[in-house]
Amino acid sequence: MKAIGPAFLISCLVISLFAAPALAQYTDPVVINDLGGQQEFVRRRQDLAKQLKTGHLILFARTVLPEANHYREDNDFFYFTGLGDPGAILVMDASNGDTTIFEPQQSPRVKQVYGANLLSMTPEEQKKFGFKDVLPLDTLDGILAFALGKESDLWLRLTFPDKADGARIEVGRDYAADYSNPYGDPTPGDRAALKKLAERYPAAHQRDATGFIDDMRNIKTAQEIEVLRRNGKLSAEGIKQAIEHAHPPMYEYQIEAQAAYVFRNGGAQGWAYPAIVGSAENINTWHYFNDRRQIQPNELVVFDFAADLDHMTMDITRTFNISGKFTPEQAKWYAVDLESQKASIALLKPGNTYEQVADAGKAVFEKNGIANQWYGFPGHFVGLATHDVEHPTGPVKAGQVVTVEPIVEFPDKQMHFRVEDTILITDNGPEILSSSVPKEMTDVEKLVGSAK
């Protein structure tokens, strides 16, 4: 790495003070192609416009880079653009789907250091990404003044955003933490932008586009399904290899590291969520992320981890004894958890409802005297977010992707059993995307430590 001189430091200071917070270009043509090419994102915008009908839609990209991690675009902005450009804003005419992208204008130095954003590209390059109208961010309000200066519909995401490892309501809870903190941000996330639009264009009627967006995202396209299949195989391979290398005494983070290597070496851009490797006193913390404990012989391990591939996530969990053999009591409750999961998965087909699916899994808990441990449908949708949009209720529909992960646990005995798979709903029934990592008890026992 080159030494950093005074001129460079001054340049960075100027950028941080007078430019947008993070000027960079993280758009990946390979990802766009994997998801159907720029024409697929045009189709999505056109389909949304047909539903909104009137007015204008505005969606915002993220404005800051994550700490010590790869940039991952706002899910809704990405879904309709394929872009990864911090600070970008989409404005779509809902009457015809015509879309303009507004972006921070880069100085030559910023472009050199961080790479070109869409605005810094040539018109020909911009068209390759599906956009013929790309304008500087500082022209946005002049155009909005014309479009929203009179009574009209302004479509926005008025509910919460989601992220790779958090549903909309979970991000809402993050916002709530800011609101309740006397020194927190009074307008966290995108709340400031929504407030400014209301103040600057009071004649426009702010309307929530989230329901339309979520209905589209909930049913996966053929290209998304192929990416999810690839991710299912990759994530399952990571879990499998980690269990193969598991043995006492090793640290929880060493199990995580085995899978993480497989994910990244296989082309994943990152993690769907932080790894959960829980044992002993950590095992009953459902989302235990510290992964620092040394695992001792005969202890149970709950391993929950998956990759983020082409902006599509996955979710897999396996429970095993670190010494390779469940105790009789552990085996009993592992079998109950697995039976419940299988009973639910069997009903994941069009013509059934998620309530029926849940009842099938619950019946196994009731039969084994642990009905009090049933908390409702044991899973969530998966897609751009691990906890994806909408909730598994009502009819089961082809094209949905959902997890099934019943939990049996006894905290007083430091026991927690969770077998989780991600399932694609097809017209022919459930397709388990994570099926290549074993879950039958004898197969799991054989797998543990088998790489030694």
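Every chain is numbered on its own, with residues counted from 1 as its sequence reads. Two thresholds apply to this predicted model, a pLDDT of at least 70 for residue-level local features and 80 or more for giving and counting side-chain atom pairs, whereas whole-chain, interface and lining totals are computed over all residues. Each side-chain value is derived from all of the structure's non-hydrogen atoms; neither hydrogens nor water enter the calculation.

Engineer: I'm lost on the overall build of the chain in this one. Help?
Structural biologist: Helices and strands together make up the secondary structure of the chain, namely 15 helices and 18 strands. Whereas a compact globule of 452 residues would reach a radius of gyration of roughly 22 Å, the chain reaches 24 Å, a difference of no more than 12%. Taken over the C-alpha atoms alone, the chain extends approximately 70 × 60 × 45 Å along its principal axes. Residue burial is assigned from relative accessible area. The probe radius is 1.4 Å, only protein chains are included, and a residue is buried under 20% of its type maximum, exposed over 50%, and partly exposed in between. Going through the 452 residues of the chain one by one, you find that 53% of them count as buried. Think of it this way: any DSSP run of H or I at least four residues long counts as a helix, any run of E at least two long counts as a strand, and we number them from the N terminus. Put simply, the radius of gyration uses C-alpha atoms, and a globule should come to 2.2 Å times the residue count raised to 0.38.

Engineer: Explanation requested: the pairing of strand β16 (residues 415-418) in the structure shown.
Structural biologist: Each regular strand shows side chains that alternate between the opposite faces of the sheet. Across the two faces of β16 the burial is the same, with M415 and F417 and H416 and R418 all buried. Two strands qualify as a pair provided that DSSP identifies no fewer than 2 bridges between them. Summarising the sheet, strand β15 (residues 407-410) and β16 pair through 4 bridges and their orientation is antiparallel. Each bridged residue has a counterpart across the sheet, and for I407 the counterpart in β16 is R418. If you look at the hairpin formed by β15 and β16, you'll find 4 residues sitting between the two strands, and Q414 has a positive phi there, around 50°.

Engineer: How should I be thinking about empty space enclosed by the protein in this particular structure?
Structural biologist: The gaps left among the atoms become clear once a water-sized probe is rolled over them. In this analysis the probe radius is 1.4 Å and the grid spacing 1 Å, with only protein atoms considered; a cavity is a set of points the probe fits into but cannot get out of, a pocket is an open set with protein on both sides within 12 Å along at least five of seven lines, and lining residues have an atom within 4 Å of a point. Grid points are joined across faces, edges and corners, and a volume is the space filled by probe spheres set on the points. Applying the stated criterion across every chain, the model contains 1 cavity of 30 Å³ or more. Each pocket or cavity is described by its volume, and for the largest cavity that value is around 70 Å³. Forming the boundary of the largest cavity are I58, L59, F60, D74, D76, F77, L156, R157, D190 and L194. Among the secondary structure elements, those contributing two or more residues to the lining of the largest cavity are β1 (56-60) and α4 (75-81). In terms of residue count, β1 provides more of the lining of the largest cavity than any other element does, 3 residues in total. In terms of residue class, the lining of the largest cavity is made up of 6 nonpolar, no polar and 4 charged. All residues other than Ala, Val, Leu, Ile, Met, Phe, Trp, Tyr, Cys, Pro, Asp, Glu, Lys and Arg, Gly among them, are scored as polar; the first ten of these are nonpolar and the last four charged.

Engineer: Sorry, what's going on with the sheet that holds strand β6 (residues 204-208) here?
Structural biologist: Remark on secondary structure: sheet strands pair via backbone hydrogen bonds, oriented parallel or antiparallel. Taken together, the 6 strands give an open sheet; going across it, the order is β4-β3-β2-β1-β5-β6, and neighbouring strands pair in mixed fashion. Two strands bound the open sheet, and with one partner strand each, they are β4 (134-136) and β6. Put simply, the sheet's adjacent strands are angled 25° from each other on average, direction ignored. Both β1 and strand β2 (residues 89-93) contribute to a ladder of 5 bridges, which runs antiparallel. For I58, the partnering residue across the bridge sits in β2 and is V91. Against the sheet, helix α3 (residues 38-52) makes contact with β1, β2, β3 (99-103) and β5 (152-156), and its axis sits at roughly 55° relative to β2, the strand it touches most. Interaxial angle, 0 to 180 degrees, is taken between N-to-C directions of lines fitted to C-alpha atoms, where a helix line uses only the stretch in contact. We call two residues in contact whenever any of their non-hydrogen atoms come within 4.5 Å of each other.

Engineer: Would you take a moment to explain the environment of F326 for this structure?
Structural biologist: Its location among the elements puts F326 in the loop between β13 (317-321) and α13 (328-346). When its relative accessible area of 5% is taken as the criterion, F326 is described as buried. Measuring from C-alpha to C-alpha, the distance between F326 and T442 comes to 9.4 Å, with 116 residues separating the pair along the chain. Once residues within four sequence positions are removed from consideration, F326 is found in contact with L300, T319, F320, N321, A331, Y334, M441 and E445.

Engineer: Explain the packing of aromatic side chains here, please?
Structural biologist: When we look at a pair of aromatic rings, we describe it by the centre distance and by the angle of the planes. Paired rings are identified among Phe, Tyr and Trp, the last through its six-membered ring, by centres lying within 6.5 Å, and are further divided according to the angle between planes into stacked (under 30 degrees), edge-to-face (over 60) and tilted (the rest). Taken as a whole and judged by the stated rule, the model has 16 aromatic pairs. A centroid spacing of 6.0 Å and a plane angle of 75° characterise the contact between F41 and F78, whose relative ring orientation is edge-to-face. Within this pair, whereas F41 is found in helix α3, its partner F78 is found in helix α4, the two being separated by 37 residues in sequence. Considered together, F41 and F78 belong to a single accessibility category, that of buried residues. Relative to Y375, the ring of W286 has its centre 5.9 Å away and its plane inclined at 70°; by these criteria the two rings are edge-to-face.

All we've got here are geometric facts, nothing functional implied.
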